[in-house]
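Summary of the model geometry
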Amino acid sequence: MLDIHTHVFCWGEDPRQGFLSEDTRRRWLTRLIVRLTGLDREPGETRSEQIRNRLVRQLDESSFSRAVVLAQDAVYRDDGEPDPQRTHVYVSNDYVLELARRHEKILAGCSINPLRRDALEELERCAAAGSRLIKVHTAIQGVDPSLPEFESFYRLAAELDLILMFHTGYEHSCRVISQKFTDPRRLVRPLDHGLRVIAAHCGTCTLFDREDYYPGFVEMMHRYPNLYGDTSILATWPRWRALGRLAGEPESLRIRLLHGSDYPFPPSRGPYLHRAGFRPGATRNPLDIDLAIKQSFDFGPGYATRGLAWFEREPADERPVCRTSPAVATVECGSMINSWDVETGGR
């Protein structure tokens, strides 16, 4: 089974690996999650070690064979350099790549902001290091996926046969650049390149959000057979209606829904007691609880394993061939580290 959407976070002891801004660490949601997940009881000399150790332990104890653990790229200025003052969540690609090397169940989902100066070089580097999926966080990173400036990024991603995941629907976990970038209708440009595109969270919003982007997600799913949705964060109180809405869609849409939890954000049992019972999955593992709640809805056969085959590399001569082959230079792994040291003084 595959969980295609999980996170690891870094507290900031070593900002080259990753960090949460002071504002994000102080937010009520961050403090609530730390408390609900019992993070203080997890072994580890630092908060970042506790976060990592909890992820590895609970993944090992779960029924999942694989989980994509996502990095989180920075916000960038107009000149393509990192903007540490507006970056509230950062997890380096090297951090998740190293996790994947050390733990058999973990698949690295690198994150690349296409606004960065070396976006093409980083795209090629991450693909060469084994990352099959690249995450772009539209709201937090300030990325409008419809911009024509990203044509070369999408073209190279298609040549490398990568999967692109975009955050869709309103974001609430930390400060954002723009919520309007999360509209699934803005995904036309990457979809037109023939890429497998995942609309994370299926464009869902909460009852108190200004817009509802879910209808746009449904519209785009009917237009593009290469568009998929993941169910991450949908088994929670703020989005408690989302799973029922998805289960009511035609089968042609439901069979392109991928399982994602959004771990470590915990699932909520309350809205689903009548469907999944008091102990969904008869377990205390949050990954398995989240899956059990979602399996109480009809998302078609094979829901829990969809997408797993994508992470098994095809022979080179069997992969799709693109018409264009942009020249790309390689980059050393330390390039982003140096940028952060210059900008933050080691933070």
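Just so it is clear, the structure is predicted and the values come from calculations on it, not from any experiment.

Scoring rules and cut-offs
- Residues numbered from 1 in each chain as written.
- Predicted model: local features only at pLDDT ≥ 70, side-chain atom pairs only at ≥ 80, totals over all residues.
- Heavy atoms only, no water.
- Helix = DSSP H or I, 4+ residues; strand = E, 2+ residues; numbered from the N terminus.
- Buried < 20%, exposed > 50% of the residue type's maximum accessible area, 1.4 Å probe, protein only.
- Lys, Arg positive; Asp, Glu negative; His and termini not counted.
- Salt bridge = Lys/Arg side-chain N within 4 Å of Asp/Glu carboxyl O.
- Polar contact = N/O pair within 3.5 Å; in protein donor to acceptor, adjacent residues only side chain to side chain.
- pLDDT = per-residue confidence, 0-100.
- Contact = heavy atoms within 4.5 Å.
- Axes fitted to C-alpha atoms, helices over the stretch in contact; angles between N-to-C directions.
- Parallel < 35°, antiparallel > 145°, perpendicular 65-115°, else oblique.
- Core = buried A, V, L, I, M, F, W, Y, C linked by side-chain atoms within 4.5 Å.

**Let's talk about the side chain of Asp230**
Summarising the element assignment, Asp230 is placed in strand 9 (residues 227-230). For the buried Asp230, which has no salt bridge, the nearest side chain bearing the opposite charge is Lys135, at an N-O separation of 7.1 Å. Among the polar contacts made by the side chain of Asp230, one reaches the main-chain amide nitrogen of His201 at a distance of 3.1 Å. There is a polar contact of 2.6 Å between the side chain of Asp230 and the side chain of Ser232.

**Comments concerning the confidence of the model for the protein**
One rule of thumb: low pLDDT means the predicted coordinates there are not for detailed reading. Averaged over every residue, the pLDDT of the protein is 90; the share at 70 or more is 90%. For residues 315-347, every residue scores under 50 in pLDDT, and the model assigns this stretch 51 contacts once sequence neighbours within four places are set aside.

**Considerations on the packing of helix 3 (residues 47-61) against helix 13 (residues 286-295)**
One can describe the packing of helix 3 onto helix 13 by two numbers: an axis separation of 8 Å at closest approach and a directional angle of 55°. As the angle between them shows, helix 3 and helix 13 are arranged oblique. Residue-level contacts link Arg54, Gln58, Leu59 and Glu61 of helix 3 to Pro286, Leu287 and Asp288 of helix 13.

**Re the nonpolar core**
Grouped together as the largest cluster of nonpolar side chains are 78 residues, with contacts concentrated most on Val8, Leu123, Phe217, Leu227 and Leu246. If sequence neighbours within four positions are ignored, Leu227 has contacts with Leu187, Leu191, Val197, Ala199, Met220, Met221 and Arg256. Judged by nonpolar contacts, the second largest core, of 14 residues, contains Leu133, Met165, Ile198 and Phe311.

**Focus on helix 13**
Counting buried residues in helix 13 gives nine out of 10 residues, a clear majority hidden from the surface. Those residues of helix 13 not exposed but buried are Pro286, Leu287, Asp288, Ile289, Asp290, Leu291, Ala292, Ile293 and Lys294. Looking at the packing, one finds that the buried side of helix 13 touches strand 1 (2-7), helix 3, helix 10 (242-247) and helix 12 (273-276).

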